[in-house]
Amino acid sequence: MSSPQVITPEEKLAEAKRQLNFPRIVAICGSTRFMAEMAEADLRETKAGRIVVKPGCDLKSPHELWSDPVEAEALKIRLDELHRSKILLADEVLVVGDYIGYSTRSEIAYARSLGRPVRFTHPEVDPDA
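Bear in mind that the values here come from a model prediction, so they are computed numbers and not experimental data. (Residues numbered from 1 in each chain as written. Predicted model: local features only at pLDDT ≥ 70, side-chain atom pairs only at ≥ 80, totals over all residues. Heavy atoms only, no water.)

Undergrad: Sorry, what's going on with the overall build of the protein here?
TA: The number of helices and strands found in the protein is 4 helices and 4 strands. Scanning the protein from its N terminus toward the C terminus, one meets helices and strands in the order α-β-α-β-α-β-α-β. Taken over the C-alpha atoms alone, the protein extends approximately 60 × 35 × 30 Å along its principal axes. Counting the 129 residues in the protein, one finds 33% classified as buried. Of note, the protein has its 18 positive side-chain charges centred 5 Å away from the centre of its 21 negative side-chain charges. (Helix = DSSP H or I, 4+ residues; strand = E, 2+ residues; numbered from the N terminus. Buried < 20%, exposed > 50% of the residue type's maximum accessible area, 1.4 Å probe, protein only. Lys, Arg positive; Asp, Glu negative; His and termini not counted. Charge placed at Lys NZ, Arg CZ, Asp CG, Glu CD.)

Given below as structure tokens:
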């Protein structure tokens, strides 16, 4: 007698997306210095019929929501966790920009550990190329 197959939450999510006939979901990653390029990538991916998730805050630009340095540091931690959830939700990742910093490098590694395909607007910056 074989043991029952255990289905992971990730597999359940993927199956639900298939059953609902969801369009592909693309998580945009990259340095927030490329926010304008991310917006352009969002337009192009959306036009191609894909759902797009991307960073929603640029902590390098002044804003009252993160003007307090202590709050800004706590917010960065929460936003990093939120972005990892976006990568988990996504079917693939698009890395924008011609520079890969520590955070983006860790997001690429996380996406690849999940088996997500990773595309680059500038393939020469792929840390695994």
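Undergrad: I'm lost on the sheet that holds strand β1 (residues 25-29) in this one. Help?
TA: The strands making up a sheet associate through backbone hydrogen bonding, with each pair oriented either parallel or antiparallel. In spatial order, the strands read β2-β1-β3-β4; together these 4 strands make up an open sheet with parallel pairing. Of all the strands in the sheet, just β2 (51-53) and β4 (118-120) have a single pairing partner and so form its edges. Adjacent strand axes in the sheet meet at a mean angle of 30° when their direction is disregarded. Pairing analysis gives 3 bridges linking strand β3 (residues 92-95) to β4, with the strands arranged parallel. (Pairing = 2+ DSSP bridges. Axes fitted to C-alpha atoms, helices over the stretch in contact; angles between N-to-C directions.)

By themselves, these figures tell us nothing about what the structure is for.
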